[in-house]
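# Secondary and tertiary structure notes
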Amino acid sequence: MDTTPSLAVTGSRQPSALRRNGDMIFFAIMIVGLIVAPFFTYPLFLMQAMCFALFACAFNLLIGYVGLLSFGHALYFGWASYVCAYAAKGWGLTPELAILLGTLTAAVLGLVAGSLAIRRQGIYFAMITLALAQMMYFVALRAKFTGGEDGIQAVPRGYLFGLIDLRNTTAMYIVVLVIFLAGFFLIYRIIHSPFGEVLKAIRENEPRAISLGYRTERYKLIAFVLSASLAGLAGSTKAITLQIASLTDVNWPMSGEVVLMTLVGGLGTIFGPVVGAFVILFMQFKLSVVGEWVLVIQGVIFVTCVLLFRRGIVGEIAALFKR
Amino acid sequence: MLMDAELILVTEGLTKEFAGFAAVGGVDLRVRRGTIHALIGPNGAGKTTCFNLLTKFLQPTSGRIVFKGEDITDKEPADVARLGLVRSFQISAVFPHMTVLENVRIALQRLKRGSSLDFWRSKSVLDEYNERSLELIADVGLSDYVHWNAVELPYGRKRALEIATTLALEPEMLLLDEPTAGMGHEDIARIADLIRRVAANRTVLMVEHNLSVVADLSDTITVLTRGRVLAEGDYATVSNNADVREAYMGTGHA
Ligand SMILES: Nc1ncnc2c1ncn2[C@@H]1O[C@H](COP(=O)(O)OP(=O)(O)OP(=O)(O)O)[C@@H](O)[C@H]1O
Ligand SMILES: [Mg+2]
């Protein structure tokens, strides 16, 4: 009891400092990897994977760091994608404005859906997010501007700031890389902010957080809106990159896919969703020859993860290092 | 009566019914500022329900709650905590996968910053609370566990951590739900001592089954059975009350 307290925290073996160093190494590897990767494989595949990686990271912010399972994240991804595609094609907006508009759309949808869902817990929360997403799927199916079954095709990539031609693959790749990294670092910052500390407390024990005087619903709602916005950023970027917005992006299997990616990579780990997104997309890409069977294989992976590798790829590796 | 500055917490006809069954039925509590007030009674008497009502984790079916002269009957639980009425839980309530330091610091963070909606800032701004956190941790004898995750602590230490976290808020009034439950002798003595020390400049309302702790610490005791107040007074008064002896202490005091 009569220890000199301050020594205990300033000591070099502070666990959070160790973790931060580990994160930095992974960051470096990831960035270098993404810079050299286009020399070895299809840039279009990598760009698509980065969009989905950002989507999964956004989803993980909710499930992994607040403990909220949204089963309707396709809503934000898909609707942002539509609005962005329409803004670029129908209104001829520059890509950065179109992406911004898509992201804002997702933020507003997130605010509405979040306000309705946030008061419920567990399965009820998941059901409300799913129900709202399905409602908006039908709107997308019926609305004129979405192009119904055809979606919005041949979206022009346009000129970034009216200057840089994004039909150039290198330019497009750099834009997607920058957006992905910006989103990724924003999430990292959110998690490691004073706000993020409160989120962690809410995930760990919400009644206790309330009893300490935190108005937890506000924190959850803000986290929800941030997550929806980042999912929207991913969806918008995808629309510009792949030049298409379609029903696939807004339908419930997309909501399921992002759960799968996050789970396979490692729920509640910073890098897990990135790894998960790349693994799942790579698999779909390689296995496209077997057609529908890819769904069965995904199902098997999902079950295997839940039963054997609860922590996901990144989570299991991190656990190995801790030993 | 409600204006009495001596009284920090007053309830009038506090009632909570679950499907017609009154878990708490018309309780009038009067807690004097600066005292240790014990709430005792057999299992299922409604003590925890009372705490849930006072801290607004449950909405009363009827009745009024007045804290520091302010009617808090319709307040949100987080706002009650902000007014300085802070509770602990019967089942130890820590943040399991946060370290001891982080557990205490999250409370200090609330006290010092109010809300923390700044998601764009690095959490290193919270480091300025480390020193005070470590003092609080030392106060409850947890200095050797600063970087342990709360989940790894033995039960008694978890309770100690919970109290340190609660104290970090510097609440005017503390509600402790069975602070010594499940503890060994040494831990009980330590916690009892701690409660006595923290009560020096605040009010404590506690639910406690350990009667020697109650006898030792409390200025006033309220006995609850089946949701109603059976007796009230100091330990001597209450333990000599015939109803209490029959209903609560029963054969043990024959
Ligand atoms: N949410 C609830 N729904 C229905 N009944 C409840 C609820 N909470 C408590 N009760 C009932 O109310 C009564 C009082 O419970 P309470 O937990 O307040 O007792 P207690 O005095 O704290 O008991 P213990 O000493 O065992 O902790 C019990 O009969 C209990 O079953
Ligand atoms: Mg109880």
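Reference entry: report on the structure contained in this document. In this text the structure is predicted, and so the values were computed from the model without any measurement. (Residues numbered from 1 in each chain as written. Chains lettered and ligands numbered in written order. Predicted model: local features only at pLDDT ≥ 70, side-chain atom pairs only at ≥ 80, totals over all residues. Heavy atoms only, no water.)

All names here are of chain B. The local shell around ligand 1 holds 13 residues, among which N43, G44, K47, T48 and T49 are the closest. One nitrogen or oxygen atom from the side chain of N43 is found 2.8 Å from an oxygen atom belonging to ligand 1. About the coverage of ligand 1: the protein hides 62% of its 640 Å² of free accessible area. With 3 residues, the top contributor of residues to the shell around ligand 1 is helix α1 (residues 47–54). Its residues assigned to classes, the shell around ligand 1 comprises 4 nonpolar, 7 polar and 2 charged. (Near = heavy atom within 4 Å. Polar contact = N/O pair within 3.5 Å; in protein donor to acceptor, adjacent residues only side chain to side chain. Areas by Shrake-Rupley, 256 points an atom, 1.4 Å probe, with all protein chains shown as cover. Helix = DSSP H or I, 4+ residues; strand = E, 2+ residues; numbered from the N terminus. Nonpolar A, V, L, I, M, F, W, Y, C, P; charged D, E, K, R; others polar.)

Residues and elements named next belong to chain A. A cluster of nonpolar side chains, namely V289, V290, W293, V296, I297 and V300, defines an oily patch on the protein surface of about 580 Å² accessible area. Note that V296 resides in helix α13 (residues 293–307). Taking the relative accessible area as the measure of exposure, V296 reaches 45% and is therefore partly exposed. (Patch = residues over 30% accessible without salt bridge, like charges linked within 9 Å, V, L, I, M, F, W, Y side chains within 5 Å. Salt bridge = Lys/Arg side-chain N within 4 Å of Asp/Glu carboxyl O. Buried < 20%, exposed > 50% of the residue type's maximum accessible area, 1.4 Å probe, protein only.)

Here the focus is the coordination of the magnesium ion (ligand 2). The magnesium ion (ligand 2) binds to the protein through T48(B) (OG1) and Q90(B) (OE1); the donor distances cover 1.9 to 2.3 Å. Placement of T48(B) in helix α1 and of Q90(B) in the loop between β7 (85–87) and α3 (100–113) is noted, with a sequence separation of 42 residues between them. (Donors = N, O, S within 2.8 Å, 3.2 Å for Na, K, Ca; no water.)

Before going further, it helps to spend a moment on the nonpolar core. Among the nonpolar cores identified, the biggest contains 148 residues, and Y76(A), F180(A) and F184(A) are the most heavily contacted of them. Grouped together as the second largest cluster of nonpolar side chains are 23 residues, L14(B), F51(B), L53(B) and M173(B) included. (Core = buried A, V, L, I, M, F, W, Y, C linked by side-chain atoms within 4.5 Å.)

Let's shift gears to the interface of chain B and chain A. Between chain B and chain A, the residue contacts involve 47 residues of the former and 33 residues of the latter. Carbon and sulfur atoms make up 63% of the area that chain B and chain A hide from each other, which totals about 3,500 Å². Summed over the three residues of chain B that lose the most area to chain A, namely F95(B), F119(B) and K123(B), the buried surface amounts to 20% of that side. Here chain B is connected to chain A by 4 salt bridges. Between R105(B) and E197(A) there is a salt bridge, with the nearest N and O atoms lying 3.7 Å from each other. Taken together, the links from chain B to chain A amount to 16 residue pairs in polar contact (both at pLDDT 80 or more). If you list the elements that add at least two residues to the side of chain B that touches chain A, you get α2 (77–83), β7, α3, α4 (130–139) and α5 (155–168) of chain B. (Contact = heavy atoms within 4.5 Å. Buried area = accessible area lost by both parts, 1.4 Å probe.)

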